[in-house]
Amino acid sequence: IQDLDSKTRQLYLAHMNIAHQEWKNQHADRTRELLSLYLPENEGGADYRDWAWNYLWRLSHSEFKLIDAMPRKTDPQSWREDCHMKVLYTPDGQYLVTGSDLGSLCLWSTEDFRRIQRIDAHNERINGLAISADGRYIATASKDKSVKLWDTSNWKEVHSFPGHSPAWYRMALSQSGDRIAIADKDIVVYDTSTGRELLRLSGHRNNVRDVQFSHDGLRLVSAGHDRTSRLWDLQSSRELFRFELGY
């Protein structure tokens, strides 16, 4: 009996690996089929399920919604305009924010997936989105070499931050929304209420891949294509620590 249990366990683990691969290959029906083999009613009351089974079961039985952002036109320019390449949730979970291939910024209800708001935010593709913790501000970065800050209470542009050299950025908003960090090779921190540059952090030898504020807003961490991650003190503009990444 113990040998039988061991073999059954090995078969179970093999099926979980296959089910996971089927899910990654977008074969949800096959994933559900494999998982159903291990329902207690199909195993004579025995229950071999663990966290992996439960995780895959939730994934494969999730309800998916398709946001139809495509206009009912045959004009290729109109078609491209609503190819939404960036997306994030608002902090309250009630809305989705999307940025499109030709620069439109849209707000969608997560209840019925209606489009609530649409703004012609940029002249070219939006390739970055960030939102403050209270949902008041949304920042957009674009291939047109500008970063813009939007007030969600009236959907007006608060500030534009041009002049960064590459056509892509990494950016982050502080938890309170009072500062925005925009990174290309240097990291520049601005005051969101005035648009004034507060400080500039230099040290990365190549473009920055990611940047994030600490929860209290006193520090900032960055990761760069120079294979380093750096921790910065924002009161002194000093690099506190450097991690050498060995990838």
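In what follows, the accompanying structure is described. In this numbering scheme, every chain counts its residues from 1 along its sequence in written order. Two thresholds apply to this predicted model, a pLDDT of at least 70 for residue-level local features and 80 or more for giving and counting side-chain atom pairs, whereas whole-chain, interface and lining totals are computed over all residues. Side-chain calculation: all heavy atoms of the structure are included, whereas hydrogens and water are not.

A run of H or I in DSSP counts as a helix once it spans at least four residues, and a run of E counts as a strand once it spans at least two, with each numbered from the N terminus. If you trace the backbone, K185 turns up in the loop between β10 (179–183) and β11 (187–191). Apart from residues no more than four positions distant in its own chain, K185 is found in contact with H204, R205, N206, N207 and V208. Residues are treated as being in contact if the distance between any of their heavy atoms lies within 4.5 Å.

Quick look at the pairing of strand β6 (residues 137–142) now. Extensive coverage of β6 is indicated by the burial of six of its six residues. Going residue by residue along β6, you find Y137, A139 and A141 tucked away on one face and I138, T140 and S142 tucked away on the opposite face as well. Pairing between strands requires that DSSP locate at least two bridges from one strand to the other. Bridge count between strand β5 (residues 126–131) and β6: five bridges; the pairing is antiparallel. Looking across to β6, one finds that G128 is bridged to A141. Taken together, β5 and the strand that follows it, β6, pair antiparallel across an intervening segment of five residues, in which G135 is found at a positive phi of about 80°. In this structure, β6 lies alongside strand β7 (residues 146–151), joined through five bridges in antiparallel fashion. Following the sheet pairing, T140 is matched in β7 by K148. For every residue, the accessible area obtained with a 1.4 Å probe (protein chains only) is divided by the maximum for its type, and the residue is called buried under 20%, exposed over 50%, and partly exposed between those limits.

Okay, the packing of aromatic side chains next. Two aromatic rings from Phe, Tyr or Trp, using only the six-membered ring of Trp, form a pair when their centres are within 6.5 Å; if the ring planes differ by under 30 degrees the pair is stacked, by over 60 it is edge-to-face, and anything between is tilted. The final tally for this structure, using the stated rule, is four aromatic pairs. For the ring pair Y12 and Y38, a centre distance of 5.1 Å and an interplane angle of 80° mean the geometry is edge-to-face. Here the residue Y12 occupies a position in helix α1 (residues 2–24), and Y38 occupies one in the loop between α2 (28–36) and α3 (51–60), the gap between them amounting to 26 residues. We note that Y12, like Y38, is buried. Ring geometry for W53 and W57: centres 4.8 Å apart, planes at 15°, overall stacked. One end of the pair, W53, and the other, W57, are both in helix α3, four residues apart, so they sit about a helical turn from each other. Looking at W53, the relative accessible area reads 3%, which means it is buried. The partly exposed category is assigned to W57, whose relative accessible area is 24%. The rule for a charge over a ring is simple: NZ of Lys or CZ of Arg within 6 Å of the ring centre, and within 35 degrees of the ring normal. Its guanidinium or amino end placed over the ring of W53, R49 lies 4.7 Å from that ring's centre, counting from NZ or CZ.

Remember that the coordinates give geometry; whether it matters functionally is a separate question.
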